[in-house]
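Analysis of the macromolecular model
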Amino acid sequence: DAGVIQSPRHEVTEMGQEVTLRCKPISGHDYLFWYRQTMMRGLELLIYFNNNVPIDDSGMPEDRFSAKMPNASFSTLKIQPSEPRDSAVYFCASSFHNSQHLKAFFGQGTRLTVV
Amino acid sequence: RKEVEQDPGPFNVPEGATVAFNCTYSNSASQSFFWYRQDCRKEPKLLMSVYSSGNEDGRFTAQLNRASQYISLLIRDSKLSDSATYLCVVNRENYGQNFVFGPGTRLSVLP
């Protein structure tokens, strides 16, 4: 079974450009999370979806960030316009809520560099 | 104060040693608890859930103390392959899904 798939793996872009990160969750999972990881701040939850609906976006840093989940198998995180301080590794994770606790499974991440 | 705190380390231990990591969390509404490991430049991977009664998986033992809001991970007979960063994670399931990660504790197992 394929895990969480993210694309691209690496992105280098110029300040001011729009960046779109993509995620395909594990089939059957009903939660999807976007995280950002930096050396200074560690892993931060940006937003999560349940059944394709955004539930909590309080971690989204600014209006420049937006996320969508048009269907159960696809989500995007967009930064427009990008800034150098957005440079980080962005992880997507998915999970399934059953009688046990949620367990989040991560994609390999997108390493974003804004120059 | 951060919601989840860990000793940042690094912990440098010889092969075969026993090492323990500690984690404290501030939100008493936290419902579920996990340990993840993250290798350099890789994604975090679930190591084990942490149950109230404590649980063991091979060389790994996790403990939870809800009264003290404290979680621990014990690694026995450490291997070179255990070298990684260990992340403590708490989730407030009844208040939305909010996996909060600690800053991680770095472990280096030396030959």
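Okay, so let's go over this structure. (Residues numbered from 1 in each chain as written. Chains lettered and ligands numbered in written order. Predicted model: local features only at pLDDT ≥ 70, side-chain atom pairs only at ≥ 80, totals over all residues. Heavy atoms only, no water.)

For the rest of this paragraph, the subject is the layout of surface pockets. Volume-wise, the largest pocket comes out at about 880 Å³. Looking at the largest pocket, it is lined by 33 residues, and the ones nearest its centre are Q37 and M39 of chain A together with Q38, R41 and T85 of chain B. Of all the elements in the fold, those that place two or more residues in the lining of the largest pocket are β4 (31–38), β9 (88–95) and β11 (110–114) of chain A together with β9 (84–91) and β11 (105–110) of chain B. Residues of the lining of the largest pocket, tallied by class, amount to eleven nonpolar, 13 polar and nine charged. Of the voids in this model, the second largest pocket is the one considered here, and its volume is about 420 Å³. Lining the second largest pocket are 20 residues, with R41, L43 and E44 of chain A together with V100 and F101 of chain B positioned closest to its centre. (1 Å grid on protein atoms, 1.4 Å probe; cavity = no way out; pocket = protein on both sides within 12 Å on 5 of 7 lines; lining within 4 Å. Points joined across faces, edges and corners; volume = space filled by probe spheres on them. Helix = DSSP H or I, 4+ residues; strand = E, 2+ residues; numbered from the N terminus. Nonpolar A, V, L, I, M, F, W, Y, C, P; charged D, E, K, R; others polar.)

Quick look at the interface of chain A and chain B now. Contacts between the two partners involve 18 residues from chain A and, on the opposite side, 20 residues from chain B. Taken together, the two surfaces of chain A and chain B that pack against each other cover about 1700 Å², and 56% of this comes from carbon and sulfur. On the surface where chain A and chain B come into contact, there are zero salt bridges. Counting every contact that joins chain A to chain B gives three residue pairs in polar contact (both at pLDDT 80 or more). Only β4 and β5 (42–50) of chain A provide two or more residues apiece to the side of chain A that touches chain B. With four residues, the top contributor of residues to the side of chain A that touches chain B is β4 of chain A. Classifying every residue of the side of chain A that touches chain B gives ten nonpolar, six polar and two charged. (Contact = heavy atoms within 4.5 Å. Buried area = accessible area lost by both parts, 1.4 Å probe. Salt bridge = Lys/Arg side-chain N within 4 Å of Asp/Glu carboxyl O. Polar contact = N/O pair within 3.5 Å; in protein donor to acceptor, adjacent residues only side chain to side chain.)

It is worth spelling out the environment of K68 of chain A at this point. Residue and element names in this part refer to chain A. Here K68 lies in strand β7 (residues 65–71). Between the C-alpha atoms of K68 and F96, which are 28 residues apart in sequence, the distance is 19 Å. If we skip the residues at most four places from it in the chain, K68 touches F49, F74, S75 and T76.

Bringing the pattern of salt bridges into the picture now. This structure, assessed with the given rule, holds twelve salt bridges over all chains. Its salt-bridge partner being K79 of chain B, residue D77 of chain B comes within 2.9 Å of it at the nearest N-O pair. The exposure class assigned to D77 of chain B is partly exposed, which follows from its relative accessible area of 37%. What emerges from the salt-bridge pattern is a single network uniting E62, R64, E83, R85 and D86 of chain A. (Buried < 20%, exposed > 50% of the residue type's maximum accessible area, 1.4 Å probe, protein only.)

The next point concerns the packing of aromatic side chains. The full count for this structure, using the stated rule, is 16 aromatic pairs over all chains. The interplanar angle of 40° and the centroid separation of 5.4 Å between the aromatic rings of Y35 of chain A and F106 of chain A together place this pair among those described as tilted. With a gap of 71 residues between them, Y35 of chain A in strand β4 and F106 of chain A in strand β10 (residues 105–106) connect regions that are remote in the sequence. Across the pair, F106 of chain A and Y35 of chain A agree in class, each one buried. An angle of 40° between the planes, with centres 5.8 Å apart, marks the rings of F34 of chain B and F99 of chain B as tilted. With F34 of chain B in strand β4 (residues 32–38) and F99 of chain B in strand β10 (residues 99–101), the pair connects residues that are 65 residues apart, well separated along the chain. On the basis of relative accessible area, F34 of chain B is assigned to the buried category, the value being 0%. Site record: aromatic cluster; members linked through ring pairs are Y31, F33, Y35, Y48, F91 and F106 of chain A together with F34, Y36, F99 and F101 of chain B. (Phe/Tyr/Trp six-rings, centres within 6.5 Å; stacked < 30°, edge-to-face > 60°.)

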